Amino acid sequence: MIPFADTHVHLLAGLDDGPPTADVALAMCRMLVTEGARHATALAHQNPGYPANTADHLRSAAAALAATLGVKKIPLSVYPTGEVMLSANTLDEWRSGMLMSVGDHKQWLLVEMPYSGFLDAMPLAEALKPEGVRLIIAHAERYPELLDDLALAQKWIEAGCLLQVTAHALAEPWEQNFELALKRWAKGGFIHLLGSDGHGIDRRRPVLALGFGRLAKWVGRSRAEQIAGVWGTAVLQGNPVTVPAPQPGGHSWFSRLFGE
Ligand SMILES: [Fe+2]
């Protein structure tokens, strides 16, 4: 079994709406290990609601967490990461050094949509491409504009974006149409990374294993391990990731024949 990489978990105590204390953060880390993870983002929001969350602040908080994990002998490697809220200023903020890339490798920016609505990620993806930076769309399943529009999702992927899906959504999709859309994404190769979006230990816990199980049922164990482990680890460690082009038709001749 390949160790999982949680590409979206809030672990920086007191920096955002994630763990309020270092003890809760450590409990989350222990839980992630139990879930099968060995790599995880030490992530906090970067948006106007958290102006103190500069790249430097996230960098030093993640280093402190890594040191504590070492002392406590908790086998989890953590990688500083900002969850960046897209805005008209994102490119300027990136260029000014305010934003923390995934793992501080300056290869991937983890972005979420603003509260005000859904933005086109293409202009930013195209602007960052010459700098060797690509986008990861955080909890991409939250956006019906993307989930239900395979052509748009394909266009973003072709522009270099990766789509991250929340393990809990896979494990317990809250309605049938949502589950069907996730399954269509999974089978069509639109899901690249798994995240728990864990925020605490009493609520929004960092769970991965059940979501992985659902993914494995839909796409087979080996592809599920690529998503939950191989690609996620590569992203966190700053190694190259090449994903196959999505297949909007989504289904092999075998699955079409047998209706899987
Ligand atoms: Fe988040």
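Structure's up top.
Residues numbered from 1 in each chain as written. Predicted model: local features only at pLDDT ≥ 70, side-chain atom pairs only at ≥ 80, totals over all residues. Heavy atoms only, no water.

Considerations on the nonpolar core
Selection criterion: Here, nonpolar core means buried Ala, Val, Leu, Ile, Met, Phe, Trp, Tyr and Cys residues that are tied together by side-chain atoms lying within 4.5 Å of each other. Relative accessibility thresholds used throughout: buried, under 20% of the residue-type maximum; exposed, over 50%; partly exposed, between the two (1.4 Å probe, protein chains only). Numbered from the N terminus, helices here are DSSP runs of H or I no shorter than four residues, and strands are runs of E no shorter than two. Residue contacts are defined here by distance: any two heavy atoms, one from each residue, within 4.5 Å place the two residues in contact.
If you look at the biggest cluster of nonpolar residues, it comprises 89 residues, and the most contacted ones within it are I137, L146 and W185. Here this core gets seven residues from one element, more than from any other, and that element is helix α10 (residues 221–237). Leave out the neighbours within four places in its chain, and W185 touches A140, E141, L146, L147, L150, A153, L163, V165, F190 and I191.

Brief notes about unusual backbone geometry
Non-glycine residue D104 carries a positive phi angle of around 65°. By the secondary structure assignment, D104 is in the loop between α3 (90–95) and β4 (108–112). Given a relative accessible area of 24%, D104 falls into the partly exposed group. Of note, K106 is a non-glycine position whose phi angle comes to about 60°, a positive value. Relative to the helices and strands, K106 is located in the loop between α3 and β4. On the accessibility criterion, K106 (47% relative accessible area) is partly exposed.

Things to note about helix α1 (residues 22–35)
One turn of an α-helix holds 3.6 residues; hence residues three or four places apart share an orientation. Stated precisely, the cut-off is as follows: The span expected for a helix works out to 1.5 Å for each residue beyond the first.
With 14 residues, α1 ought to run about 20 Å at 1.5 Å a step, and its terminal C-alpha atoms sit 20 Å apart, in line with that. Along α1, the positions that sit buried rather than exposed are V24, A25, L26, M28, C29, M31, L32, V33 and E35. The inward-facing, buried residues of α1 contact β1 (4–6), β2 (37–46), α2 (55–72) and α9 (209–219). One or two positions beyond α1, positive phi appears at G36, with a value near 105°.

Regarding the pairing of strand β3 (residues 77–85)
Along any regular strand, the residues point their side chains to alternate faces of the sheet. As a reminder, the rule being used: A pair of strands is considered paired only if DSSP assigns at least 2 bridges between the two. Clockwise travel from the first strand over the helix to the second, with the strands pointing away from the viewer, marks a crossover as right-handed.
Of all the nine residues making up β3, eight are buried; the element is thus mostly covered by neighbouring parts of the structure. Of the strand pairs in this sheet, β2 and β3 are connected by eight bridges, and their pairing is parallel. Residue pairing across strands places A40 opposite V78, the latter belonging to β3. The parallel pair β3 and β4, bridged by α3, forms a crossover whose chirality is right-handed.

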